[in-house]
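# Results of the structural survey
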Amino acid sequence: MIMNNFTYNALPGRIIFGAGSLQLLADEIDRLGCKRAMVMTTPEQATQGDMVAELLGDRFAVAFNNATMHVPVGVVDQALEVANSADVDCFVGIGGGSTTGLGKALALRSEHPIVAIPTTYAGSEMTPIWGLTDDGVKKTGRDLRVLPATVLYDPDLTMSLPAFIAGPSGVNAIAHSVEALYAPDANPITSLIAEESIRALSQCLVQVVESPDDKQARSQALYGAYLAGSALATTSMSLHHKLCHALGGSFNLPHAEVHTIILPYATRYNAAAAPEAMARICRAMGTDDAAQGLYDLNASIGAKLGLQEIGFTVNDIEKAASIATQNPYANPAEVTYEGVVALLEDACEGVRPK
Ligand code: NAD
């Protein structure tokens with residue numbers, strides 16, 4: 001084997017994975033030397049927040065149940081006020097990327113550690129990437145202070161994730177791994193992690209969607225999501241993420257569904273320029289064409305296949321292409337306006353990638 005030189009900025013993190021691991025939460029808070037936790041959820045997951053509060057016993061200080069998609073700055077201000085009034089010394093977030101994102105924004109403005117309990121496959125809990133929306137504009141950045149001190153992955157908590165959210169959320173995770181495979185700062189370790197995550201997720205997602213009570217499938221999906229988040233954490237993202245960011249931010253389209261629809265087309269766009277990444281995706285998915293394999297996976301989980309199904313129209317293509325091609329991220333294939341327009345035309349209709 002010929003080994004190329006590489007640099008790997010590995011990140012610290014304590015991961016506890018397994019059904020029932022939520023029961024270890026109070027021990028984790030003690031381990032961090034904390035005594036007063038703020039429990040954060042979205043309004044939809046307030047009941048799961050109550051369960052967490054009960055498990056915390058006298059370590060529970062206050063709840064904040066208003067975590068919101070894309071982390072509006074006003075919500076962060078509100079949450080910080082609640083935290084300060086209750087004199088909290090740590091944050092416990094149970095939920096998807098929106099709840100984890102709130103914890104990250106709070107970590108930037110306080111010294112308190114975060115314990116993340118992810119219940120979707122978004123993977124944000126593993127990354128030092130924060131996002132904040134101010135006046136309708138979403139800013140993102142990287143900062144090691146936003147990394148959770150502990151991540152508790154308990155697949156039992158994902159059993160309530162409805163199939164229509166679980167499927168696209170799983171493909172959102174696969175997208176992190178696809179781009180990690182051809183990232184300019186990919187290395188053998190991140191590629192191992194990314195390939196294994198695509199294997200784990202693509203093997204179980206149909207089962208997650210068709211048999212929502214299958215604990216083994218849910219567990220495998222969460223494992224794949226953890227790996228995908230780890231791959232995203234230390235690599236730079238390319239055209240796929242840039243395009244999804246533009247579509248989500250400027251057209252207010254749902255995050256995981258946009259990722260799901262775009263992924264086969266972004267993969268096709270890069271296929272010729274990233275043959276090793278394509279070979280790994282094919283090996284992980286048991287297919288001989290990465291883009292078509294991803295498209296077939298989307299079809300098999302009943303996902304929406306075209307952007308027009310989520311409110312985007314052909315009239316939006318030019319605006320989206322010009323936003324996505326401004327300050328493009330590094331990408332294996334050259335990013336051109338015409339190329340992105342063609343990609344979006346196919347993605348709009350949801351045709352099989354050519
Ligand atoms: P989300 O957190 O908004 O969750 C979607 C909905 O599902 C919410 O209503 C939530 O309460 C509900 N939900 C979550 N888990 C549930 C469960 N187990 N049972 C029932 N309902 C449940 O969506 P998401 O896709 O997880 O996160 C999207 C956000 O995360 C976006 O803002 C995105 O930008 C961000 N994100 C950030 C990173 C990063 O590294 N910073 C990575 C991925 C995503």
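Quick look at the structure, then. Fair warning: this is a prediction, and the values are worked out from it, not measured in the lab.

Estimated volume of the second largest pocket: approximately 590 Å³. In terms of lining residues, the second largest pocket is bounded by 20 residues, among which N187, P188, S191, E276 and R280 are the most central. Of all the secondary structure elements, the ones that give two or more residues to the lining of the second largest pocket are α6 (188–210) and α10 (275–285). Of all the elements, α10 adds the most residues to the lining of the second largest pocket, at five residues. Here the residues of the lining of the second largest pocket are counted per class, giving 13 nonpolar, four polar and three charged.

Under the counting rule described, the total for this entry stands at 14 salt bridges. Between K215 and D156 there is a salt bridge, with the nearest N and O atoms lying 3.7 Å from each other. Of this pair, K215 sits in helix α7 (residues 215–234) while D156 sits in the loop between β8 (150–153) and α5 (163–181); the two residues are 59 residues apart in sequence, bridging distant segments of the chain. With a relative accessible area of 31%, D156 lands in the partly exposed category.

Taken together, the side chains of M1, M3, F6 and I189 make up a nonpolar region of the molecular surface, amounting to roughly 480 Å² of accessible area. Relative to the assigned elements, I189 resides in helix α6.

What follows deals with the packing of helix α9 (residues 255–271) against helix α13 (residues 337–349). As a packed pair, α9 and α13 sit with axes 9 Å apart at the nearest point and diverge in direction by 140°. With respect to α13, the element α9 is oriented oblique. With respect to the hand of their crossing, α9 and α13 are arranged in right-handed fashion. Along its contact with α9, which presents I261, I262, Y265, A266 and Y269, the element α13 presents G339, V340, L343, L344, D346 and A347. Considering only residue class, the contact of α9 with α13 consists of nine nonpolar, one polar and one charged.

Take the site of the ligand next. Taken together, 24 residues surround the ligand, and among them T42, S98, T119, T120 and T127 come closest. In the model, an oxygen atom of the ligand is placed 3.2 Å from a nitrogen or oxygen of the E44 side chain. Here the ligand, which alone exposes 860 Å², has 86% of that area covered by the protein. Contributing elements (two or more residues each) for the shell around the ligand: α4 (97–108) and α5. No other element matches the three residues that α4 contributes to the shell around the ligand. Split into classes, the residues belonging to the shell around the ligand amount to seven nonpolar, 14 polar and three charged.

Cut-offs used in this document
- Residues numbered from 1 in each chain as written.
- Predicted model: local features only at pLDDT ≥ 70, side-chain atom pairs only at ≥ 80, totals over all residues.
- Heavy atoms only, no water.
- 1 Å grid on protein atoms, 1.4 Å probe; cavity = no way out; pocket = protein on both sides within 12 Å on 5 of 7 lines; lining within 4 Å.
- Points joined across faces, edges and corners; volume = space filled by probe spheres on them.
- Helix = DSSP H or I, 4+ residues; strand = E, 2+ residues; numbered from the N terminus.
- Nonpolar A, V, L, I, M, F, W, Y, C, P; charged D, E, K, R; others polar.
- Salt bridge = Lys/Arg side-chain N within 4 Å of Asp/Glu carboxyl O.
- Buried < 20%, exposed > 50% of the residue type's maximum accessible area, 1.4 Å probe, protein only.
- Patch = residues over 30% accessible without salt bridge, like charges linked within 9 Å, V, L, I, M, F, W, Y side chains within 5 Å.
- Areas by Shrake-Rupley, 256 points an atom, 1.4 Å probe, with all protein chains shown as cover.
- Axes fitted to C-alpha atoms, helices over the stretch in contact; angles between N-to-C directions.
- Parallel < 35°, antiparallel > 145°, perpendicular 65-115°, else oblique.
- Left-handed = near helix turned anticlockwise from the far one by under 90°.
- Contact = heavy atoms within 4.5 Å.
- Near = heavy atom within 4 Å.
- Polar contact = N/O pair within 3.5 Å; in protein donor to acceptor, adjacent residues only side chain to side chain.

Worth remembering: the numbers are spatial, not functional.
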